[in-house]
Amino acid sequence: MATPHTIAVAGKGGVGKTTTCGMLIDYLCKKKQGPVLVVDADANSNLNEVLGVEVETSLGAIREEMAQAELHGTVPAGMTKADYADMKFGEALIEEDDFDMLVMGRTQGKGCYCYVNGVLKTQIDKYAKNYRYLVMDNEAGLEHVARGTLPHVDTMLLISDCSRRGIQAVARIAEMIEEMSLKPTQMGLIVNRAPGGVLDDGVKAEIEKHGLTLFGVLPHDDAVYRCDCDGKPSAKLPEDDPVKVALRNIMGSIGL
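Residues numbered from 1 in each chain as written. Predicted model: local features only at pLDDT ≥ 70, side-chain atom pairs only at ≥ 80, totals over all residues. Heavy atoms only, no water.

This part covers the sheet that holds strand β7 (residues 186-194). The strand order across the open sheet built from eight strands is β3-β4-β2-β5-β1-β6-β7-β8, with neighbouring strands paired in mixed fashion. Each having just a single partner strand, β3 (94-95) and β8 (214-219) make up the two edges of the open sheet. The pairing of strand β1 (residues 5-10) with strand β5 (residues 133-137) spans five bridges and is classified as parallel. Paired with Ala8 across the strands is Met136, a residue of β5. The strands touched by helix α1 (residues 17-30) are β1, β2 (36-40), β4 (99-103), β5, β6 (155-161), β7 and β8; relative to β5, the strand with the most contacts, the crossing angle is about 170°. (Pairing = 2+ DSSP bridges. Helix = DSSP H or I, 4+ residues; strand = E, 2+ residues; numbered from the N terminus. Contact = heavy atoms within 4.5 Å. Axes fitted to C-alpha atoms, helices over the stretch in contact; angles between N-to-C directions.)

Here the focus is the side chain of Asp137. For Asp137, the position within the fold is in strand β5. Sequence-distant contacts of Asp137, defined by excluding residues within four places in its chain, comprise Val9, Lys17, Thr18, Cys21, Val39, Asp40, Ala41, Asp42, Ser45 and Leu47.

To continue, consider the pairing of β7. Where β6 meets β7, seven bridges bridge the pair, whose relative direction is parallel. The residue of β7 that forms the bridge with Thr155 is Gln186. Handedness of the crossover is the feature at issue here: the chain leaves β6, passes through helix α7 (residues 164-179), returns alongside β7, and the resulting connection is right-handed. For the handedness criterion, the β-α-β arrangement of β7, helix α8 (residues 201-209) and β8 is classed as right-handed. (Right-handed = clockwise from strand over helix to strand, strands pointing away.)

To continue, consider empty space enclosed by the protein. Evaluation of the coordinates by the stated rule reveals one cavity of 30 Å³ or more. Taken as a whole, the largest cavity encloses approximately 50 Å³ of empty space. In terms of lining residues, the largest cavity is bounded by Met23, Asp26, Tyr27, Glu239, Lys244, Leu247 and Arg248. Taken together, the elements giving at least two residues each to the lining of the largest cavity come down to α1 and α10 (242-253). (1 Å grid on protein atoms, 1.4 Å probe; cavity = no way out; pocket = protein on both sides within 12 Å on 5 of 7 lines; lining within 4 Å. Points joined across faces, edges and corners; volume = space filled by probe spheres on them.)

With that settled, the discussion passes to unusual backbone geometry. At Ser181, a residue that is not glycine, the phi angle is positive and equals roughly 50°. Along the chain, Ser181 turns up in the loop between α7 and β7. Taking relative accessible area as the criterion, Ser181 reaches 46% and is therefore assigned partly exposed. The phi dihedral of Arg193 is positive, around 60°, even though this residue is not glycine. Mapped onto the secondary structure, Arg193 falls in strand β7. The exposure class assigned to Arg193 is partly exposed, which follows from its relative accessible area of 38%. (Buried < 20%, exposed > 50% of the residue type's maximum accessible area, 1.4 Å probe, protein only.)

Laid out in structure tokens, this is it:
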């Protein structure tokens with residue numbers, strides 16, 4: 001299979017980025033656009049909860065486990081450290097019907113992030129060719145994208161809530177993307193939680209001021225809020241849910 005179409009999702013915490021990312025993955029799977037490789041590269045993310053997936057381990061947790069095995073000399077006899085690492089990191093791939101998932105997780109200790117970033121890149125390089133789409137949920141700092149974890153970004157989705165401050169935060173991320181010369185094939189903004197799905201004039205002005213391309217607007221939706229409160233996967237809401245309908249239209253309009 002050829003190189004997958006890579007979609008990177010970015011935005012500051014608390015704006016509904018992970019919920020939007022989960023619904024995007026559900027959309028691709030429902031369109032039979034799979035298989036999809038999902039990478040949760042935000043240490044604070046709970047993308048698995050949005051998707052309704054149980055996570056037993058993460059790359060960060062395995063890194064800690066391996067460090068302990070090395071420290072206590074419990075690497076299995078007859079295995080090199082490289083073989084042991086390959087076996088352990090292979091266990092981190094969560095396999096679902098329509099998508100597979102890698103979770104970065106948290107790490108402790110000095111220098112661990114550099115190591116796990118390297119591991120994440122190695123794992124993506126190893127698996128990516130088997131998928132049509134690669135979707136990565138990033139932290140606001142875009143560390144993994146900046147470090148070249150993704151081979152190339154085809155579609156960069158900037159997620160904001162419908163506040164002026166949210167738009168300003170996303171504009172800073174857009175500037176960072178330009179400074180890093182990432183050059184995604186297409187990049188645009190999705191504004192989340194707009195009352196009635198309509199943007200305030202002040203917010204529209206802020207988007208124009210920063211020269212951001214608006215891909216579309218998602219309405220405020222009590223059902224999404226209820227899922228969050230009840231710990232239920234919002235990606236599995238019915239297909240006629242207003243956010244899902246709006247997101248389907250946006251994805252169609254940008255060729256996904």
